[in-house]
Amino acid sequence: EQCRARNLNVEEEDAIGYLRDLPDGSLGALTSFHMIEHIAWRDVIAVFDEAFRVLRPGGCVIFETPNPENIIVGSCTFYNDPSHVRPIPPATLEYLAQARGFIEATIMKSSPLHFFETPPEGDMARMMDIFNCGQDYAVIAFKKNA
């Protein structure tokens, strides 16, 4: 409703069906924020495949999802939403992007908690990082230029 109030073009429908109706190479970019954790794994693969098909060469995809590497997210807050199917580890999503043909797949974490100041060195640094690290992450990847 807020987007429509700003006169933006809004479509509300099934993501896979919407992408399947688009012509090959018709998009320069595609973003998905907090959607893929709500669907079955086979559908996540289908979204990646359709995204690859509809992107122009050089096009970019961004898929953001909760970060289970953050111990608070992975052990608790992910499950606050009962419609979440399963957490997806960053390495898994990065691999999926590469396996489905995308290049330069990178992970970008966001929304850190900052519960503790992480010491620059020492044994506690990694443990503090699993509390502090981003609550969300995105895989950002590209379709190779022709």
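Preceding this section is the structure that the text describes.
First, a word on scope: everything that follows refers to the structure included in this document. (Residues numbered from 1 in each chain as written. Predicted model: local features only at pLDDT ≥ 70, side-chain atom pairs only at ≥ 80, totals over all residues. Heavy atoms only, no water.)

What follows deals with the sheet that holds strand S4 (residues 136–142). Strand order in the open sheet made by the 4 strands is S1-S2-S4-S3, with mixed pairing throughout. Of all strands in the sheet, those with a lone pairing partner are strand S1 (27–33) and strand S3 (103–110), marking the two edges. Going from strand to strand, the sheet's axes swing by 10 degrees on average, the running direction of each strand aside. Here strand S2 (residues 55–66) pairs with S4 via 7 bridges, running antiparallel. For threonine 65, the partnering residue across the bridge sits in S4 and is tyrosine 137. Most of the contacts of helix H3 (residues 41–54) go to S2, to which it runs at about 150 degrees, and overall it touches S1, S2 and S4. (Pairing = 2+ DSSP bridges. Helix = DSSP H or I, 4+ residues; strand = E, 2+ residues; numbered from the N terminus. Axes fitted to C-alpha atoms, helices over the stretch in contact; angles between N-to-C directions. Contact = heavy atoms within 4.5 Å.)

Core analysis: the largest hydrophobic core is formed by 24 residues, its most contacted members being Phe48, Val61, Phe63, Leu93 and Phe102. Taken together, the elements giving at least two residues each to this core come down to helix H2 (15–20), H3, S2, helix H5 (90–99) and S4. (Core = buried A, V, L, I, M, F, W, Y, C linked by side-chain atoms within 4.5 Å. Buried < 20%, exposed > 50% of the residue type's maximum accessible area, 1.4 Å probe, protein only.)

Attention now moves to the packing of H3 against H5. Contact pair H3 / H5: the axes reach a minimum separation of 10 Å and the direction vectors enclose 45 degrees. One way to sum up the angle between H3 and H5 is to call them oblique. Note on packing geometry: the crossing formed by H3 with H5 is right-handed. For the pair formed by H3 and H5, the contact residues are Trp41, Val44, Ile45 and Phe48 on the first element and Thr92, Leu93, Leu96 and Ala97 on the second. (Parallel < 35°, antiparallel > 145°, perpendicular 65-115°, else oblique. Left-handed = near helix turned anticlockwise from the far one by under 90°.)

According to the stated counting rule, one finds 4 aromatic pairs in the structure shown. Consider the rings of phenylalanine 48 and phenylalanine 102, whose centres lie 6.3 Å apart with planes at 85 degrees: the pair is edge-to-face. One end of the pair, phenylalanine 48, is in helix H3; the other, phenylalanine 102, is in the loop between H5 and S3, with 54 residues separating them in the sequence. Take phenylalanine 48: its relative accessible area is 0%, and that puts it in the buried class. (Phe/Tyr/Trp six-rings, centres within 6.5 Å; stacked < 30°, edge-to-face > 60°.)

Taken as a whole and assessed by the stated rule, the structure comprises 5 salt bridges. Two residues, arginine 20 and glutamate 50, come together in a salt bridge whose shortest N-O distance is 3.9 Å. Here arginine 20, found in helix H2, pairs with glutamate 50, found in helix H3; they are 30 residues apart in sequence, far enough to count as distant. Looking at arginine 20, the relative accessible area reads 52%, which means it is exposed. One continuous salt-bridge network, built from bridges that share partners, spans Arg20, Asp24, Glu50 and Arg53. (Salt bridge = Lys/Arg side-chain N within 4 Å of Asp/Glu carboxyl O.)

Taken as a whole, the largest pocket holds about 450 Å³ of empty space. Looking at the lining of the largest pocket, the elements that each hand over two or more residues are H2 and S1. In terms of residue count, S1 provides more of the lining of the largest pocket than any other element does, 6 residues in total. In the lining of the largest pocket, the residues fall into 11 nonpolar, 3 polar and 4 charged. (1 Å grid on protein atoms, 1.4 Å probe; cavity = no way out; pocket = protein on both sides within 12 Å on 5 of 7 lines; lining within 4 Å. Points joined across faces, edges and corners; volume = space filled by probe spheres on them. Nonpolar A, V, L, I, M, F, W, Y, C, P; charged D, E, K, R; others polar.)

What follows concerns the side chain of asparagine 70. Examined against the element boundaries, asparagine 70 turns out to sit in the loop between S2 and helix H4 (71–75). The class of asparagine 70 is buried, set by a relative accessible area of 0%. Within the structure, the side chain of asparagine 70 is placed 3.2 Å from the backbone oxygen of phenylalanine 131, a separation counted as a polar contact. Sequence-distant contacts of asparagine 70, defined by excluding residues within four places in its chain, comprise Leu113, Ile130, Phe131, Asn132, Cys133, Gly134 and Gln135. (Polar contact = N/O pair within 3.5 Å; in protein donor to acceptor, adjacent residues only side chain to side chain.)

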